[in-house]
Amino acid sequence: MELMHSTCLWAMVRKKGSLILCGAFLFVAWNALLLLYLWGRPPIGRLGEGGGAEPGGKEEWGVGRGKGSSVNLAGEVIRLAEEVEIQLETQKKLLKQIESHRAVWARQKDVGKRETDYTKEVKVEVVHQPPKPPLPLKDKVDDREQSEDKHTEQKLVPTAAPNIKLEQNLANEIKEEVVDNSELVTSAASPQVVIPILVIACDRVTVKRSLDRLIQYRPSPELYPIIVSQDCGHAETARVIGSYGDQVTHISQPDLSDIRVRPEHRKFQGYYKISRHYRWALNQVFNTFSQSTVVIVEDDLEVAPDFFEYFRALYPILHSDPTLWCVSAWNDNGRDALVDPSKAELLYRTDFFPGLGWMLLKEVWDELEPKWPSAFWDDWMRQPEQRKERSCIRPEISRTITFGRKGVSLGQFFDQYLRYIKLNTEFVPFTKQDLSYLLKEKYDETFIKEVYSAPLVKIEDLQQGGSLKGAGPYRVQYSSRDSFKVFARNLGVMDDLKSGVPRTGYRGVVSFLHRGRRVFLALPEGSMKYDISWS
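The rules behind each value
- Residues numbered from 1 in each chain as written.
- Predicted model: local features only at pLDDT ≥ 70, side-chain atom pairs only at ≥ 80, totals over all residues.
- Heavy atoms only, no water.
- Helix = DSSP H or I, 4+ residues; strand = E, 2+ residues; numbered from the N terminus.
- Buried < 20%, exposed > 50% of the residue type's maximum accessible area, 1.4 Å probe, protein only.
- Contact = heavy atoms within 4.5 Å.
- Salt bridge = Lys/Arg side-chain N within 4 Å of Asp/Glu carboxyl O.
- Pairing = 2+ DSSP bridges.
- Axes fitted to C-alpha atoms, helices over the stretch in contact; angles between N-to-C directions.
- Disulfide = S-S within 2.5 Å.
- Core = buried A, V, L, I, M, F, W, Y, C linked by side-chain atoms within 4.5 Å.
- Phe/Tyr/Trp six-rings, centres within 6.5 Å; stacked < 30°, edge-to-face > 60°.
- Lys NZ or Arg CZ within 6 Å of the ring centre and 35° of its normal.
- Expected span 1.5 Å × (residues − 1).
- Polar contact = N/O pair within 3.5 Å; in protein donor to acceptor, adjacent residues only side chain to side chain.

- Going by the annotation in an unreviewed UniProt entry, the name recorded for the protein is Alpha-1,3-mannosyl-glycoprotein 2-beta-N-acetylglucosaminyltransferase, with Scomber scombrus given as the source organism.

### Considering the overall build of the protein
At step 1: A tally of helices and strands in the protein yields 15 helices and 15 strands.
At step 2: Scored against the burial criterion, the 535 residues of the protein give a buried share of 44%.
At step 3: Taking the contacts inside the protein whose residues are at least 6 apart along the sequence as the reference set, 75% of them involve residues at least 24 apart.

### Comments concerning the pattern of salt bridges
At step 1: Applying the stated criterion across every chain, the model contains 25 salt bridges.
At step 2: A salt bridge links Glu302 to Arg209; the nearest nitrogen and oxygen atoms lie 2.7 Å apart. Taken together, the residues Glu302 in strand β5 (residues 301-303) and Arg209 in helix α6 (residues 207-217) connect sequence positions 93 residues apart.
At step 3: Assessed through its relative accessible area of 38%, Arg209 is described here as partly exposed.
At step 4: Of the charged contacts in the structure, one is a salt bridge between Lys498 and Asp379, with a shortest N-O distance of 3.6 Å. One end of the pair, Lys498, is in strand β12 (residues 497-498); the other, Asp379, is in helix α11 (residues 377-381), and 119 residues separate them in sequence.
At step 5: By relative accessible area, Lys498 is classed as partly exposed at 23%.

### Thoughts on the sheet that holds strand β11 (residues 474-477)
At step 1: Read from one edge of the open sheet, 3 strands run β11-β15-β14, paired in mixed fashion. The open sheet is flanked by β11 and β14 (510-514), the only strands paired with a single partner. In this sheet, neighbouring strand axes are inclined to one another by 30° on average, regardless of whether the strands run parallel or antiparallel.
At step 2: Where β14 lies against strand β15 (residues 517-522), 5 bridges are found, and the strand directions are antiparallel. The residue of β15 that forms the bridge with His514 is Arg517.
At step 3: Strands in contact with helix α15 (residues 481-491) are β11, β14 and β15; relative to β14, the strand with the most contacts, it is inclined by about 30°.

### Quick notes on the environment of Lys440
At step 1: As for its position among the elements, Lys440 is in helix α13 (residues 440-452).
At step 2: A residue is classified by how much of its surface remains accessible, and Lys440, at 33% relative accessible area, is partly exposed.
At step 3: Along the chain, Lys440 and Asp321 lie 119 residues apart, while their C-alpha atoms are 7.7 Å from each other.

### Quick look at the pairing of β15
Regular strands place their side chains on alternate faces of the sheet.
At step 1: Most of β15 is tucked away, with 6 of its 6 residues classed as buried.
At step 2: Residues of β15 alternate between two faces, with Arg517, Val519 and Leu521 on one and Arg518, Phe520 and Ala522 on the opposite face, all of them buried.
At step 3: Following β14, the chain reverses through 2 residues before pairing antiparallel with β15; Arg515 in that reversal takes a positive phi of roughly 50°.

### Here we look at the sheet that holds strand β2 (residues 226-230)
Two strands in a sheet stick together by hydrogen bonds in their backbones, pointing the same way (parallel) or opposite ways (antiparallel).
At step 1: Taken together, 8 strands build an open sheet; the order of strands is β3-β2-β1-β4-β8-β6-β9-β7 and the sheet is mixed. The open sheet has two edge strands, β3 (249-252) and β7 (347-350), and neither has a second partner. In this sheet, adjacent strand axes meet at a mean angle of 25° when their direction is disregarded.
At step 2: Pairing of strand β1 (residues 197-201) with β2, which is carried by 5 bridges, proceeds in the parallel orientation.

### Comments concerning the state of the cysteines
At step 1: Summed over all chains, the structure comprises 2 disulfides.
At step 2: Here Cys202 pairs with Cys232 through a disulfide, and the sulfurs are 1.5 Å apart. Note on the Cys202 and Cys232 pair: the S-S dihedral is about -80°, so by sign convention the disulfide is left-handed. In this pair, Cys202 sits in the loop between β1 and α6 while Cys232 sits in the loop between β2 and α7 (235-242), placing the two residues 30 residues apart along the sequence.

### Let's talk about the nonpolar core
Within soluble globular proteins, side chains that are nonpolar tend to cluster in buried spots.
At step 1: In this structure, Leu214 and Phe307 are the most contacted members of the largest nonpolar core, which totals 79 residues.
At step 2: Apart from residues no more than four positions distant in its own chain, Leu214 is found in contact with Ile197, Val199, Ile226, Val297, Val303, Phe307 and Phe308.

### Section: the packing of aromatic side chains
Each aromatic ring pair is characterised by the separation of its centres together with the angle its planes make.
At step 1: Tallied over the full model, the rule gives 23 aromatic pairs.
At step 2: The structure contains a cluster of three or more aromatic residues connected by ring pairs, namely Tyr278, Trp325, Phe353, Trp358, Trp365, Trp372, Trp377 and Trp380.
At step 3: Positioned over the ring face of Tyr348 is Arg394, at 4.0 Å from the centre of the ring.

### Observations regarding helix α9 (residues 307-320)
At step 1: Taking 1.5 Å of rise per residue, 14 residues should cover 20 Å, and α9 covers 21 Å from first to last C-alpha, within 8% of that figure.
At step 2: Of all 14 residues that make up α9, 11 are buried, and the element is covered over most of its length.
At step 3: Taken residue by residue, α9 has Phe307, Phe308, Glu309, Tyr310, Phe311, Arg312, Ala313, Leu314, Tyr315, Ile317 and Leu318 as its buried positions.

### Things to note about α15
At step 1: Among the residues making up α15, those that are buried are Ser483, Phe484, Lys485, Phe487, Ala488 and Leu491.
At step 2: Along its buried surface, α15 packs onto α14 (459-464), β11, β12, β13 (501-502), β14 and β15.
At step 3: Gly492 occupies a position one or two residues after α15 and carries a positive phi of about 90°.

### As for unusual backbone geometry
At step 1: The residue after Gly472, namely Pro473, is reached through a cis peptide bond having omega 10°.
At step 2: Despite not being glycine, Cys232 has its phi angle at roughly 80°, a positive value.
At step 3: Its relative accessible area of 37% is what places Cys232 among the partly exposed residues.
At step 4: You will see that Ser290, though not glycine, has its phi angle at about 55°, which is positive.

### Comments concerning the side chain of Thr402
At step 1: Position of Thr402 relative to the elements: it lies in strand β10 (residues 400-402).
At step 2: There is a polar contact of 3.2 Å between the side chain of Thr402 and the side chain of Asp300.
At step 3: If we skip the residues at most four places from it in the chain, Thr402 touches Asp300, Leu301, Trp330, Phe414 and Leu418.

### Focus on the side chain of Ser210
At step 1: Looking at the element boundaries, Ser210 is found in helix α6.
At step 2: Its relative accessible area of 1% is what places Ser210 among the buried residues.
At step 3: Here Leu301 takes part through its backbone oxygen, which lies 2.9 Å from a polar atom of the side chain of Ser210.

### Observations concerning the environment of Leu338
At step 1: When you line up the elements, Leu338 lands in the loop between β6 (324-328) and β7.
At step 2: The spacing of Leu338 and Ile397 is 59 residues in sequence and 9.5 Å in space, taken between C-alpha atoms.
At step 3: For Leu338, the contacting residues outside a window of four places in its chain are Asn333, Glu396, Leu491, Gly492, Val493, Phe512 and Leu513.

Here's what the structure looks like:
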């Protein structure tokens, strides 16, 4: 019987079955077994000599039995009634135990439901909470994340604590699971890194064209704050920048004085001021506004529709690969005839620093700032001492174009090259693509195989084209500074080298289209070192 009692109770606890059905079954089974047991057992009491029930040593009711006589019926009924009463008390205790367990189950179920509701509430509020107003640029991304985490934790605290110890333990276990789940949700929906856009401006009122496009294509003012840093003190340009109100942050370079230079460099005064301005502006972004990265554009650049998408997707690659030190939106050989319009998603590594819309990390700025040059900062960036064999990412089709023919460079290269650069118009969802192929080990293996398995042809074969079948790729080999310049001019690509590196070159290879065919202008296989004397 005890076994049946324990079995049924365990079944109810484990399976949470119908209390009424189980209770009815238990009651019927118990009483059936009770009757069988009582009819078949000897009387309860002290055993007398005759074996009869003698509570007091005598028969209380004045009835007895002698040797061989039958049991007195009335006494037997009374005895049975007393035992039934005892057993009923036992059943009553059993029912109280069942009712007690039922109450515990109900409380546990209620706690589970409430905690599940908390989980749902947290997930919905974390994932779908409305965007917050813009934070000041000086607030760090880490502060934003801590604020979000604190906000989430506060929502996880129940308003009433359970009173029963068992319920408290269960609630604590569930709460721990809820916190773990919320941390995963918060991680998945946590604020992305802020990528500020630094616009370097001076005295061009046409900065409006640049700012209009940036604001038009910007997906989020919070994630892409625009900082316009103005040099020169040009009042009309300042009014144009000010007309954008709180859509941009306008800062002004405080030192407008002339810079003392060597007599032969007086004509380069503008380059000295630009370098000074860059240093001041980048220090503002990284040190005053406490940002971790920045995209730098100048006031004569117009951006493509997927400009922000491009840099957002490449930030993790730049951040994780120490062999990279910048991401550029610019292709120096990005003229319409030299790029494949069907490959807007195609990206490359390059050893040449392109500039003209480029991303820089704070760690790299911390390295460069102490030795920042007084002039010609872009060519200084291309020197081996700064580059340290690191590369940049650049696109097949540029995500910026320049409309500033007039400037300190007096239109150098503009009429011949820059005005023909093709600006991408197709939005490429880079953030949804796997860009791990740009990591050095993967990229180099594929790139070298593709370049040096391409058929080696003469430049005449490319220019005439009659003997070549298919769209390539084909390889043209150069082995000296002069041969590179001759081939580059004849094939329509830029022929200058900086610190021995050709524009867009990677491991000495320049990739472009010529009359619809992919061409690699390449050093001999194995000759991957740049010769600085070629500059």
